[in-house]
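Structural features, examined
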Amino acid sequence: MYNQKTIIMKTRSLFANGLTALLLFSSLGLWAQGQPAIQYFRNYDKRGINVFETTKTDTIPYDGLKIRFGAGFTQGYQSLNHSNGLATPQLYEMGGGFPLAQANFNIDVQLYDGVSLNLVSYMSSHHHNEFWVKGGYLQIDKVGFMKSEFFDKLWKNLTLKVGHMEVNYGDAHFRRSDGGHTLWNPWIENNIMDAFTTEIGAELYWKKDGLFVMGGYTDGEIQGNVAAPSTPAGAKRAPSFYGKVGFDKQLKENLRVRLTGSVVTTSSSASNTLFGGDRAGSNYQYVMENAPVTLTGNAFSGRFNPGFRDNLTAFVINPFVKFSGLEVFGTFESASGLSSLENGEGVTAYSKEPDRIATQTAIEALYRFGKTEQFYVGARYITVAATIAEGYSATVRGTRTDVTIDRTSIGAGWFITPSILLKGEYVTQNYGGFLATGANNRFYNGKFDGFVIQGAISF
């Protein structure tokens with residue numbers, strides 16, 4: 001038990017920490033009002049909504065080194081109920097409450113004319129408890145530092161990104177929640193199959209008149225890795241290759257049309273994370289999780305990872321149309337692959353299995369209104385169909401089961417200022433095909449529903 005002296009000391013400590021945080025965030029807020037402009041930059045506030053790849057339009061003159069500090073903060077309130085068809089369910093008992101607040105810290109630097117640096121760190125998230133770096137990359141839109149007229153002309157339509165960065169597969173990652181930065185996402189959560197990962201590599205873009213082509217290459221891992229294991233057979237790592245083509249054009253004053261197609265392939269990986277690379281966590285806390293639960297151990301509730309950790313090939317098409325205030329965005333995705341055991345690595349009891357397949361379709365429609373489109377209402381439907389693998393080991397062939405998951409969301413939002421968003425949604429999600437036995441039996445005839453409200457600040 002605490003004595004009076006200890007309680008007083010703890011109270012003073014909490015007050016001091018709270019005052020320090022208040023002064024820090026106030027200082028950041030004041031700093032945000034006079035932030036320097038960065039070339040070819042996507043703003044973190046409302047101005048960054050519906051911005052995908054940055055354009056080659058050069059509107060900001062270079063006048064020396066500039067450093068821009070930004071942040072993202074999110075606090076939510078959720079009231080969700082979950083259930084399954086088990087005779088004796090062991091699901092975590094939930095009630096209405098406030099999940100852990102999340103926070104990001106961003107640094108953007110104008111290093112040279114057409115050359116910039118982006119660095120993002122998570123200060124608080126639903127997965128990692130410690131302050132850590134998400135990643136950082138160098139973006140080169142001009143090559144004046146080469147002092148070559150030939151390369152200046154060559155680079156007129158090129159952009160190069162190099163570093164530890166988001167893999168630009170599909171368009172959904174431009175609209176998703178990322179730790180404390182949730183302002184670009186009109187919804188509370190991301191897609192059920194959340195295609196997002198950070199890897200070390202490079203992307204080269206060609207952009208002209210609304211058309212663009214991109215080719216990318218990474219190490220195929222979420223972090224740096226120099227291992228090259230010779231055993232078990234077939235365990236060697238291979239890089240990821242990916243590409244994207246698209247069209248994005250303002251056809252009329254009130255009509256914008258965008259259509260992109262993306263592909264990524266990895267022949268062998270120690271731990272491929274295309275559908276499991278988010279290290280910040282879900283925004284539906286503890287739904288469909290068995291007790292006991294922890295933030296780090298149950299960080300991705302409500303999502304589905306098909307488990308293609310060894311080899312993977314994935315395709316996605318993303319249409320986007322904005323007509324006046326009406327906005328429609330879609331995801332049509334198919335992925336195939338295997339785990340290392342299914343691929344025969346270290347296995348003597350059975351041969352390599354055929355690839356499993358997972359598909360996802362997501363459609364969302366929003367209507368933005370108000371003088372500056374500061375309000376919006378909308379609906380979203382997502383459905384996933386996949387074959388999952390359970391019970392595989394080096395000596396035992398597991399089982400495969402076809403499952404489905406679907407989610408319906410109805411939401412609304414209000415931009416109180418360009419940097420402050422209040423949003424909420426009612427959501428219901430259903431699980432089908434999962435067995436009453438096995439590692440995923442908590443999803444047997446599973447369902448969750450309820451509402452979530454979030455306040456988001458980004459600058």
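Residues numbered from 1 in each chain as written. Predicted model: local features only at pLDDT ≥ 70, side-chain atom pairs only at ≥ 80, totals over all residues. Heavy atoms only, no water.

**Observations regarding the overall build of the chain**
The secondary structure content of the chain amounts to two helices and 16 strands. Its C-alpha atoms give the chain a radius of gyration of 23 Å, near enough to 23 Å, the size a compact globule of 459 residues would have. Put simply, the chain has 459 residues, and 50% of those count as buried. For the chain, the distance from the average site of its 41 positive side-chain charges to the average site of its 39 negative ones is 5 Å. (Helix = DSSP H or I, 4+ residues; strand = E, 2+ residues; numbered from the N terminus. Rg over C-alpha atoms; globule rule 2.2 N^0.38 Å. Buried < 20%, exposed > 50% of the residue type's maximum accessible area, 1.4 Å probe, protein only. Lys, Arg positive; Asp, Glu negative; His and termini not counted. Charge placed at Lys NZ, Arg CZ, Asp CG, Glu CD.)

**Re the nonpolar core**
Core analysis: the largest hydrophobic core is formed by 40 residues, its most contacted members being Y169, Y284 and F304. At the level of secondary structure, the elements contributing two or more residues to this core comprise β10 (311–323), β12 (356–369), β13 (375–390), β14 (399–417), β15 (420–432) and β16 (447–458). For this core, the element with the highest residue contribution is β13, accounting for four residues. Beyond its immediate chain neighbours, meaning those up to four positions away, Y169 contacts A195, S262, V263, V264, L274, A314, F315, V316 and E333. Core analysis: the second largest hydrophobic core is formed by eleven residues, V120, L183, W187 and Y376 among them. (Core = buried A, V, L, I, M, F, W, Y, C linked by side-chain atoms within 4.5 Å. Contact = heavy atoms within 4.5 Å.)

**Quick notes on a nonpolar patch on the surface**
Residues L259, I317, V321, F323, L326, V328, F332, I363, Y367, F369 and V377 make up a contiguous nonpolar surface patch of roughly 920 Å² in combined accessible area. Counting residues per element, the ones that place at least two in the nonpolar patch are β10, β11 (326–338) and β12. Here L259 lies in strand β9 (residues 255–266). Overall, L259 belongs to the partly exposed group, its relative accessible area being 45%. (Patch = residues over 30% accessible without salt bridge, like charges linked within 9 Å, V, L, I, M, F, W, Y side chains within 5 Å. Areas by Shrake-Rupley, 256 points an atom, 1.4 Å probe, with all protein chains shown as cover. Salt bridge = Lys/Arg side-chain N within 4 Å of Asp/Glu carboxyl O.)

**Overview of the environment of K147**
Checked against the element boundaries, K147 lands in the loop between β4 (132–140) and α2 (149–154). Between the C-alpha atom of K147 and that of P61, which follows or precedes it by 86 residues, the distance is 18 Å. Among the polar contacts made by the side chain of K147, one reaches the side chain of Y112 at a distance of 3.5 Å. (Polar contact = N/O pair within 3.5 Å; in protein donor to acceptor, adjacent residues only side chain to side chain.)

**Digging into the pattern of salt bridges**
For side chains bearing opposite charge, pairing can occur when the charged atoms are close. Within this structure, the stated rule accounts for 29 salt bridges. As a salt-bridge pair, D45 and R47 come within 2.9 Å of each other at their nearest N and O atoms. Relative accessible area serves as the criterion here: at 7%, D45 is assigned to the buried category. Counted as one network, the salt bridges with shared partners bring together K134, E166, R176, D178, E189, D194, D278 and R303.

**Some details on the packing of aromatic side chains**
Both the distance between ring centres and the angle between the ring planes are used here to describe each pair of aromatic rings. A complete count under the given rule lists 21 aromatic pairs for this structure. Both rings, one in Y122 and one in W132, keep their centres 4.7 Å apart while their planes meet at 45 degrees; by these two values the pair is tilted. Here the residue Y122 occupies a position in strand β3 (residues 115–124), and W132 occupies one in strand β4, the gap between them amounting to ten residues. In this structure, Y122 and W132 share a single accessibility class: buried. Measuring from ring centre to ring centre gives 6.0 Å for Y350 and Y392, while their planes differ by 65 degrees; the resulting arrangement is edge-to-face. Remark: Y392 occurs in the loop between β13 and β14 and Y350 occurs in the loop between β11 and β12; sequence separation between them is 42 residues. Using a relative accessible area of 8% as the deciding quantity, one classes Y350 as buried. In textbook terms, an aromatic cluster arises when at least three aromatic residues are bridged by ring pairs, as seen for Y367, F369, F375 and W414. One cation-aromatic arrangement involves R42 over W184; the distance from NZ or CZ to the ring centre is 3.4 Å. (Phe/Tyr/Trp six-rings, centres within 6.5 Å; stacked < 30°, edge-to-face > 60°. Lys NZ or Arg CZ within 6 Å of the ring centre and 35° of its normal.)

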